Structures are given as structure tokens and as C-alpha cells.
Amino acid sequence: MTHPDGGENSELHRLASLGRTLAGLVHEIGTPVASLASNNEVLLRGLDSLAAADLPADIRRKVETLRDLASVDRLACERLTTLVRGVKRLARGASAELVAADVNELLRDSLQLAHHEFKLRITVETDLGELAPVMCAPHSLGQVFLNLLVNAAQAIEGQGRITVRTRPAPAGIDVWISDTGRGIGPADREKVFSSGFTTKPPGAGAGLGLAICKEIIARHGGQIDFESSPGAGATFHIRIPTGHSSGGAGE
Amino acid sequence: MNNEQPTVLLIDDEDMVITSLRAYLQLETPFQVEGCTDTVRAIDVLKSRPVDVVISDYLMPKMNGIQLLKAAKEIQPEATRILLTGHADKQSAVQAINEVALYQYVEKPWDNMTLLMVIRNGVERAQLLRELRDSQSSLRDVRARLIKAFL
């Protein structure tokens, strides 16, 4: 698939503005979510003390029902809170500024965000080794992980498994993201990282994902490659040096 | 230790934050909680009564949280200053810490337990600072009287 003149650029602009909208939205959600979570705590506490009191049976039943509902709300609030914090961490300093970050934590955030792609059909296994902090643009790296996870999920038809593994490497770290999906055919191997390449139906992706991933990893002084055989899934491997010192690893 | 009931001043242009935090703090602490959705009114409160902890939102009409906490620092330097914000970028954090000698920077969505701990420590800090100021001034009085007596 080729893009008309400037197509790639306008797609990037569209994605960037979508990203900004999303970040703004998440900031907006933070306050009401915190308010709900706080109220829920107060309500639960109040209902607990009511439940401990001597009450007529019918009222006790009502109190218990309310308490059950408030407990469900608590879980809902916790999930929203985790989600909002995850997005904020990923969106933090969308600048190119390099900071020391925990790659395992970035992977966990990305997994959380990709969760909607997994639903019940995909099991996720993580095997995260102890890693030294990596000098990176966390937002950009998070984008790479999210991209690879979403690709992995979309490569799996029906049930499957995604495995995320990290290990320390000499002067760096290794990340592997594997899926049990349809794999990458020999004809496509060369084109995977070039912009405009996609096997997805129209609307599911512009084919910029992996090209951008490669660019981001290269700016971190790292490498990205993959192994795959058709029908047997794919494993993407990223190596990033821990102490990359040249500036401008971001957008 | 000050015998008066410690006071926490909450400033957020969203009423829901104040209502939620006030209910929680009233449940968990003996602190008096004052809430303002308006920064100008918050400054009036600061001018009119002792406050132990000031917790301010960042993005508000008229005045942002850093400007407000800066004013709080001038009016009541002993009061502990906390920024509670959903708009958390490194620049505003650094600016806040440098310009208003911020005690803590708490992000929305906040965690009640963490916030409670920060507020409790903040109250204690403010009361110790007041005590220190009072004993320093009485020490100065004693010294002045001693000097007068000898001369």
C-alpha cells in the first residue's frame, strides 16, 4: 500500500493529534475518578459500620446489598485509576527528554492499555527479569511496546498466547514479545519495517506502526528484529542500551 | 503542640473534589476542613485564620495553583503547601518546588491513604514550625530583657 504525496505525514499528524486528545481526555477523567474512589471508600466504611449494628432483618439485607454494590464500585474505581495512571505515565513528557525508566514498568503499563485487544481470547504470560533503569524517552518506548502488543494480538485469530520476556544484556536490556499468531510470511519479511506496509484490513492500521517503532528504537541506539515462520507466530526482539546518552530519542 | 484544632484548606475549582476530600478527612481525622472553589476566597481565608495545610489544584481560573501557593507562602509561611493536580508535568512540578517551597506534589487520581499521610505529616510540620517560631520569639524577648538588665 503506498501513500499519496504527504500521506504518511498527514497520517502522523492525525495520530499525534489523536494522542493529544487522548492525553487531555485522561487528564479530565482523573479528577472524577479520584472523587468516585474517595467517596466509595467513605461509603464502604459507613456501610460496614451499619452492617455491624443491630438491625432488623429486612434492613440488614438492604445494607448488605448496598455493600456488595459498593464493593463492585470499588473494583471499578481501582481499574479506572490504574488505567488513568498508566496512560499518564506513558504520556508523560511526550517530549524527547531522556529519563531513567524501568522498562518492566513500561511494559506492564502497555499490557494494561492493550488489554482491550486481548479480552478473554488471549492469555498473557510475563517473565520479567531484573533490569537496570534505561535512559529513554518513556513515552516513545511505551508506544513501541503498545504497538507490538496490539500487532501481536491482531495476529492471533481466536485463542492464543502472548509472552513478554525481559532480561539484562551486556550494557543494555533485551525485550521479547512473542505471539502464537499467524506469523509473517517469507514474502513479507523484507517489508515489515517499511512505512506503508500493512496486512490489516483498511481502517485497522495505516502500516506505520513498525516503521515508527524501528525509528524510535534506533534513536535509542537500539535494535529491533524478529523471528517468525508462517502459522507459528512471531517473536519481536528489542535490545536497548541502558546508558544511551545522545539527545533527541523522542518524536 | 498547638491545642487548636488543625485546619486544612482545600482549593479546587471542582466542587466534587472538595466534597469528596472533606468527607474523607472528616471521617479519618479531627482536622477542620475548609474548602474553596475560588482562589480569591481562599486568600481571604488565609488572611483571616491560621491554616496548617494548604492543598491546591493546579489549573484554575483567575490564578493557578503555584500562584496561589506562592501567595499562601507570603501570608502564612508556616502552612504546609501541597499541590494536588491532574495536570502533572515535570516543568510545573519543578517550578512549584522551587518557587513556593512545595512540601508535596500529589497527582490526580490521588490515593486516599497516601494523601492522608501527606496531610498528617504536613499538619505536624506546620505545628512544629509555629512552635519553633513562638519559642524563638520568646527567646528573643528573654535575651532582650537580659541585655537590658545588664546594661
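The structure we're discussing is the one just above.
So, here's what we can say about the structure. Nothing here was measured: the structure is a model prediction, and the numbers come from that model. (Residues numbered from 1 in each chain as written. Chains lettered and ligands numbered in written order. Predicted model: local features only at pLDDT ≥ 70, side-chain atom pairs only at ≥ 80, totals over all residues.)

1. Notes on the overall build of chain A
This is how the line gets drawn: Every helix listed is a DSSP run of H or I at least four residues long, and every strand listed is a run of E at least two residues long, numbered separately from the N terminus. With C-beta atoms placed from the backbone, a residue is labelled by how many other C-beta atoms lie within 10 Å of its own: buried for 20 or more, exposed for 12 or fewer, partly exposed between the two. Once C-beta atoms have been placed from the backbone, residue pairs whose C-beta atoms lie within 7 Å are recorded as contacts.
Within chain A, the secondary structure is distributed over five helices and seven strands. Each helix and strand of chain A, placed in order from N terminus to C terminus, yields the pattern α-α-β-α-β-β-α-β-β-α-β-β. Burial statistics for chain A: of 251 residues in total, 30% are counted as buried. Contacts in chain A between residues at least 24 apart in sequence constitute 74% of all its contacts with a sequence separation of at least 6.

2. Considering the pairing of strand β1 (residues 7-11) of chain B
Along any regular strand the residues' side chains alternate between the sheet's two faces. All names here are of chain B. What counts here: By definition, two strands form a pair when at least two bridges between them are found by DSSP. The handedness rule is simple: strands pointing away from the viewer, and a clockwise path from the first strand over the helix to the second, make the crossover right-handed.
Counting buried positions along β1 gives four out of five residues, so the element sits mostly inside the fold. As defined by bridge partners, β1 adjoins strand β2 (residues 32-36) across five bridges and the pair is classed as parallel. Across the sheet, the residue bridging to valine 8 is valine 33, located in β2. Considered for its hand, the β-α-β crossover made up of β1, helix α1 (residues 15-28) and β2 is right-handed. Two elements, β1 and strand β3 (residues 53-56), share four bridges in a ladder whose sense is parallel. Bridged to isoleucine 11 within β3 is serine 56.

3. Some words on the interface of chain B and chain A
What counts here: Here the term charged refers only to Asp, Glu, Lys and Arg, the term nonpolar to Ala, Val, Leu, Ile, Met, Phe, Trp, Tyr, Cys and Pro, and the term polar to all other amino acids, Gly among them.
Taken together, the contacts link 17 residues of chain B with 17 residues of chain A. Examining the composition of the side of chain B that touches chain A, we find that seven residues originate from one element, α1 of chain B, more than from any other. Residues of the side of chain B that touches chain A, tallied by class, amount to nine nonpolar, four polar and four charged.

4. Things to note about the sheet that holds β3 of chain B
Residues and elements named next belong to chain B. We count it as follows: Helix axes are fitted to C-alpha atoms over the stretch in contact, other axes to C-alpha atoms as well, and angles between N-to-C directions run from 0 to 180 degrees.
The parallel open sheet is built from five strands, whose spatial order is β2-β1-β3-β4-β5. Both edges of this open sheet fall to β2 and β5 (104-107), since each of them pairs with a single strand only. With direction set aside, neighbouring strand axes in the sheet form an average angle of 20°. Where strand β4 (residues 80-85) and β5 come together, four bridges link them in parallel fashion. Following the sheet pairing, leucine 84 is matched in β5 by valine 106.

5. Observations regarding the packing of helix α4 (residues 138-155) of chain A against helix α5 (residues 209-219) of chain A
Residue and element names in this part refer to chain A. The line we're drawing: By the definition used in this description, the sense in which the near helix is turned from the far one sets the handedness, with an anticlockwise turn below a right angle giving left-handed and a clockwise turn giving right-handed.
Running from amino to carboxyl end, α4 crosses α5 at an angle of 145°, the nearest separation of the two axes being 9 Å. Taken as a pair, α4 and α5 cross one another with a handedness that is left-handed. Within the contact between the two elements, α4 uses Ser140, Gln143, Val144, Asn147, Leu148 and Asn151 and α5 uses Gly209, Cys213, Ile216 and Ile217. Partitioning the contact of α4 with α5 into residue classes produces five nonpolar, five polar and no charged.

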